[in-house]
Structure formats: structure tokens, C-alpha cells
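Below, each chain spelled out in residue letters.
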Amino acid sequence: MTMPILDVRDLKVHFPVKAGFIGRTVGHVRAVDGVDLTIQPGETLGLVGESGCGKTTLGRSISRIIKPSTGMIGYRGTDGTVTDLAALRERELRPFQRQIRVVFQDPFSSLNPRMTLRQIVGEPLRANGIATGSELEDRVADMLARVGLSPKYMDRYPHAFSGGERQRVNIARALILGPRLVIADEPVSALDVSVRAQILNLLRDLQEEFSLTFLFVSHDLSVVESVCDRVAVMYLGKIVELAETAELYASPRHPYTEALLSAVPRPDPRLRDVGRRVRLTDDLPDPSNPPAGCYFHTRCPYAVAGVCDVSGQGPVLDGIGPGHHAACLRSDELSLAGVASELA
Ligand SMILES: Nc1ncnc2c1ncn2[C@@H]1O[C@H](COP(=O)(O)OP(=O)(O)OP(=O)(O)O)[C@@H](O)[C@H]1O
Ligand code: SF4
Ligand SMILES: [Mg+2]
């Protein structure tokens, strides 16, 4: 088995909650609350879950845009050396920030409206002292062409472009430093359905061309199904299930995954067990005051009082089959409904 490019262990990001005039800390939002996951070189790992479950915070802490509170982010370099990014100080991070880049969700707000495409895409080259002048220009032109934009637009500003084109600029900016790991945070969610497939195809082509590894963050399970090799399901700051995509969709082993999958559109009714539909009605609990025991017990249709809600450490992510992990005390006894693959 190949060694992972990323090995995240017990990662936590707790944001302080301040109150009063003097800003006293009265609690913590546990945005990421003990995450374990690995990413293999060349794979696309999906990260799914409801709004507010901590996906963006996890992606930002792995790329060290924000500093995690505790835990390990083991990153394996090209020479095989593993570095714990969580332990590095700001100035030690530079070489790694070239290797791990983020594509942000919103192609409108993430591009500076006062910078031309040449400045936006060339900025990382300039800031890292890699290229200036005509060399920078050549590299920007080359990268724009690779993401499907004509270099003749280099001196235009972002407002001249459509959402899909701006996301191509975002991708060019992320790839210009030649990263190995790309964290794509909802890269197509803000785009019209008609351009989503184009951007997803572009990401797939670039992955092959540049041997990229992706952490693909999305709340859209149909998109994740079409692009990811494995999927991690996140709930209230924790990974509750992790498996290969086809296995996770067909045979979920965590009730939260079953509930998410029940909302996946399947035009063909034979591909869905309609009678087993589970609805997530209530809102996500407050991440600064998570429920005792299993965090999902307040919404879980299979919760057992006195078992699932007992305070102390809730269920941990256990191996339950080859490459399949789930954090549910009842995963052995429950028979949960998945969705058959449309891709078969
Ligand atoms: N800088 C911050 N300070 C305090 N709380 C934060 C901060 N950033 C995020 N949070 C909180 O952390 C939790 C996780 O937020 P996050 O943005 O990571 O979720 P998400 O899964 O990406 O949601 P979405 O699908 O809406 O993008 C939320 O409760 C959010 O309000
Ligand atoms: S541990 Fe209990 S509450 Fe949690 S997911 Fe499993 S059955 Fe539901
Ligand atoms: Mg987010």
C-alpha cells in the first residue's frame, strides 16, 4: 500500500466565544473536534456534511490558513519525509504553502476586483520570488491557457468574466506554484448548473496532467459521487464515516450518512428505497455546546437512550470492513439504506 500524502490525527480547531465589554472567553466553538483522516497520493477524497459542520475550517487548518488548536497534520514531501504542519511556525510554513493550495468557493468575492488576471494569477509567483517580468508573464499565459482562458485577456479585470471563467482564474492562481495537494472548497457550488460539469471536467484533466491530490469539499452528494474516490462524512466537527465512494453510497454504516443519502436525487425510483427515507428535520446542534455521548443522538432515528447519550467520549471512528470506517455504537446491528449507483 502507498504511503499517504496527508495523515491527519486528532485535529481540533476550537474558536473562542467572547462576551462582555472586556471580551472574556465564555466558551469555544468546536468547529473541528478530533478529526482523523488520510489522503493517498493522486486520489480525490470528498468531504461532505451539512452547512456549519466544519468542512471549511478543516480545509483551512490543513492548508494552515488557520492554526489548529491541537492535533497533527502529517504531510509527506516528495523525498518521503513527513512534516507535522500543525507544529510549524508561520515562517517555517512557506515551502509547504506552495505545495498545498486552496480553490475557494465563491469566484466573485475571492478575486480582487482591482487586480488584472496577470496580477491575480502572477501574484503567488511574485510573492514567493519565483518569477518576475517576462518570465512571470509567460508562466501566467501558459497557466491561463491550461485552464481554458485566452492569454489575451490577461489585462482585464475579474468583472469582465462570467462565474465559470472566474473559477478558472481561481484554479489558475491555485496551480501556478505547482502544488501537490489542492483543497477545493465547494468549487462548483456557486456556479450555474450548466457550467458545473465544465469546471469538474477541467479539475479532472488538471489532476491527471499535474498528478494532483484533491480534498474536495462539498455539500452536494451527487457532485461528490461523480468525482471522488473515497468520501469522508463530517458531523459537528467529527468524521463519522469514511469509505470508498461506491461502498459508502450503496452500504452506509452510519445513520447520518443514510440521512444525507436519502436526499440524493435519483430520477429512477428503482435506485432508491423510498420507504426508508430518513429526513433531517432539526438544525445542527450548537457546536459550542455539543450533545453528550454520540453528537448525532439528538437527531438519530436509531438512538438508544442510556447508550447513545451517555456522557464521556462518544463513538470513535472504527474500521468495520476493508477501507470502511464508521463512528456509531450500533453500526454492526443496523441495516441502513443506501442509494444504488447511477453510474453502474
Ligand atoms: N473564525 C471563526 N470564529 C468563530 N466561529 C467560526 C469561525 N469560522 C467558522 N466558525 C464556526 O465553525 C463552525 C464550522 O464552520 P465552517 O465554515 O467550517 O462550516 P462548513 O461545513 O464549511 O459550512 P458551509 O457548508 O456553510 O460552508 C460553524 O459553527 C461556524 O459558525
Ligand atoms: S451511536 Fe447511537 S445515536 Fe449515534 S449514530 Fe449510532 S445509533 Fe445513532
Ligand atoms: Mg464551508
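What counts and what doesn't
- Residues numbered from 1 in each chain as written.
- Chains lettered and ligands numbered in written order.
- Predicted model: local features only at pLDDT ≥ 70, side-chain atom pairs only at ≥ 80, totals over all residues.
- Heavy atoms only, no water.
- Near = heavy atom within 4 Å.
- 1 Å grid on protein atoms, 1.4 Å probe; cavity = no way out; pocket = protein on both sides within 12 Å on 5 of 7 lines; lining within 4 Å.
- Sits in = over half its atoms within 2 Å of the grid points.
- Nonpolar A, V, L, I, M, F, W, Y, C, P; charged D, E, K, R; others polar.
- Salt bridge = Lys/Arg side-chain N within 4 Å of Asp/Glu carboxyl O.
- Helix = DSSP H or I, 4+ residues; strand = E, 2+ residues; numbered from the N terminus.
- Buried < 20%, exposed > 50% of the residue type's maximum accessible area, 1.4 Å probe, protein only.
- Polar contact = N/O pair within 3.5 Å; in protein donor to acceptor, adjacent residues only side chain to side chain.
- Areas by Shrake-Rupley, 256 points an atom, 1.4 Å probe, with all protein chains shown as cover.

## Regarding the site of ligand 2
Then, number 1: Residues in contact with ligand 2, as listed here, are H254, P255, C294, F296, H297, C300, Y302, A303, C308, C328, L329 and R330.
Then, number 2: Of the pockets mapped on this structure, ligand 2 occupies the largest cavity.
Then, number 3: Residue classes in the shell around ligand 2 are distributed as nine nonpolar, two polar and one charged.

## Quick notes on the pattern of salt bridges
Then, number 1: Per the counting criterion, the structure on display carries 14 salt bridges.
Then, number 2: Close ionic contact of R299 with E50 constitutes a salt bridge, the shortest N to O distance being 2.9 Å. Of this pair, R299 sits in the loop between α9 (255-261) and β11 (318-321) while E50 sits in the loop between β3 (44-48) and α1 (55-62); the two residues are 249 residues apart in sequence, bridging distant segments of the chain. As far as burial versus exposure is concerned, R299 and E50 are alike and both buried.
Then, number 3: Connected via shared salt-bridge partners are R118, E137 and D155.

## Brief notes about the site of ligand 1
Then, number 1: As a structural note, the neighbourhood of ligand 1 is formed by F15, V29, A31, E50, S51, G52, C53, G54, K55, T56, T57 and P287.
Then, number 2: One of the side-chain N or O atoms of S51 is found 2.5 Å from an oxygen atom in ligand 1.
Then, number 3: The separation between an oxygen atom of ligand 1 and a polar main-chain atom of C53 is 3.3 Å.
Then, number 4: Within the complex, 61% of the 640 Å² of free accessible area of ligand 1 lies under protein.
Then, number 5: When contributions to the shell around ligand 1 are tallied by element, the ones reaching two or more residues are β2 (24-39) and α1.
Then, number 6: No other element matches the three residues that α1 contributes to the shell around ligand 1.

Interpretation note: all reported values are geometric properties and have no functional meaning in isolation.
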